[in-house]
Structures are given as structure tokens and as C-alpha cells.
Amino acid sequence: QVQLVESGGGLVQPGGSLRLSCAASGSIFRLYAMGWYRQAPGKQRELVATITSGSSTNYADSVKGRFTISRDNAKKMVHLQMNSLKPEDTAVYYCKGTIGTIESWGQGTQVTVSS
């Protein structure tokens, strides 16, 4: 079990950038697969990006080339660098950690892209 806290959300203009952070607890954080998900009002929660314990990454087609997920095991943190933001990126973004069948979720952070 890992405890996760997201930060870094806010209001940005289209074309702008934000860097989301997820701070984790636990001595075995390095063994967790981590991910970012997002959910807009009235829509299903969707996968944005994942990073394995070995730092292999995958991205949703909608964010590929614009977003970058990374992890720092020494600091027990995961980041999501979001560039070239679009209004359709507006959502609550959640950090997720997985080890085996156990899933842990953060509380979410709001990202709003609007002029």
C-alpha cells in the first residue's frame, strides 16, 4: 500500500505548460508501476501515461508527443510534464500506483486549459 498526493494543477492558456507532481510514501515505491489518469465531467476516467518500475513508458494517443511521465525513486515522486496544452486536456488528474493486484490512488488535482 502506497499513499499518493498530487500537486501542480491550475489554470493555463491553450498552448501553455504545466508540471504535475505525485509524492508517494512507502519503502517499496521503487517496485510500483505508476500512472496518470484523468477524468472530465460526464466522462469515464482514462489512462494518460504509465511508467513501470524499470522506467518503461506508455502514453495515450491523445497526449503522445506532448506529455512526458517520469519518476524519481530517490525522492519517491512521479511527474507529468504537459506541454502544448489543449482545452480538451481539461480534467481532474489522478496519480495511480500498482503493485500486483493492489491499486492506490491520489486525491486528484484540477487542470483547466482555457483562454
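Structural notes, computed from the coordinates.

Rules and cut-offs
- Residues numbered from 1 in each chain as written.
- Predicted model: local features only at pLDDT ≥ 70, side-chain atom pairs only at ≥ 80, totals over all residues.
- Heavy atoms only, no water.
- Pairing = 2+ DSSP bridges.
- Helix = DSSP H or I, 4+ residues; strand = E, 2+ residues; numbered from the N terminus.
- Axes fitted to C-alpha atoms, helices over the stretch in contact; angles between N-to-C directions.
- Core = buried A, V, L, I, M, F, W, Y, C linked by side-chain atoms within 4.5 Å.
- Buried < 20%, exposed > 50% of the residue type's maximum accessible area, 1.4 Å probe, protein only.
- Contact = heavy atoms within 4.5 Å.
- Phe/Tyr/Trp six-rings, centres within 6.5 Å; stacked < 30°, edge-to-face > 60°.
- Lys NZ or Arg CZ within 6 Å of the ring centre and 35° of its normal.

### Details of the sheet that holds strand 3 (residues 18–24)
Taken in spatial order, the four strands of this open sheet run 1-3-8-7, and their pairing is antiparallel. Each edge of the open sheet is held by one strand with a lone partner, namely strand 1 (4–7) and strand 7 (67–72). Taking each pair of neighbouring strands and ignoring which way they run, the sheet shows an average axis angle of 15°. Pairing of strand 3 with strand 8 (residues 77–82) involves six bridges; the strand directions are antiparallel. Note on strand 8: the bridge partner recorded for Cys22 is Val78.

### Considerations on the nonpolar core
Formed by 28 residues in total, the largest nonpolar core has its most connected members in Met34, Trp36, Val48, Phe67, Leu80, Met82 and Tyr93. When residues of this core are traced back to their parent elements, those giving at least two are strand 3, strand 4 (33–39), strand 5 (46–51), strand 7, strand 8, strand 9 (91–99) and strand 11 (109–113). Broken down by element, the residue count for this core peaks at four residues, all from strand 3. Excluding anything up to four places from it in sequence, Val48 contacts Trp36, Tyr37, Arg38, Asn58, Tyr59, Ala60, Val63, Phe67, Leu80 and Tyr93.

### Regarding the packing of aromatic side chains
In total, this model carries two aromatic pairs according to the counting rule given. Pairing Tyr37 with Trp105 gives two aromatic rings, centres 5.1 Å apart and planes at 65°, and the pair type is edge-to-face. A residue pair is termed long-range when its members are at least 10 positions apart, and Tyr37 in strand 4 and Trp105 in strand 10 (residues 102–105) qualify at 68 residues. Its relative accessible area of 32% is what places Trp105 among the partly exposed residues. A centroid spacing of 6.5 Å and a plane angle of 80° characterise the contact between Tyr94 and Trp105, whose relative ring orientation is edge-to-face. Within this pair, whereas Tyr94 is found in strand 9, its partner Trp105 is found in strand 10, the two being separated by 11 residues in sequence. The ring of Tyr94 is capped by Arg45, whose NZ or CZ atom sits 3.8 Å from the centre of that ring. Its end group placed over the ring of Phe29, Arg71 keeps NZ or CZ at 4.9 Å from the ring centre.

### Some details on the environment of Gly9
Here Gly9 lies in the loop between strand 1 and strand 2 (10–12). Here Gly9 falls in the partly exposed class, since its relative accessible area comes to 32%. The spatial distance from the C-alpha of Gly9 to the C-alpha of Thr50 is 19 Å, given a sequence separation of 41 residues. Not counting the four nearest positions on each side in its chain, Gly9 is found in contact with Leu18, Leu20, Thr109, Gln110 and Val111.

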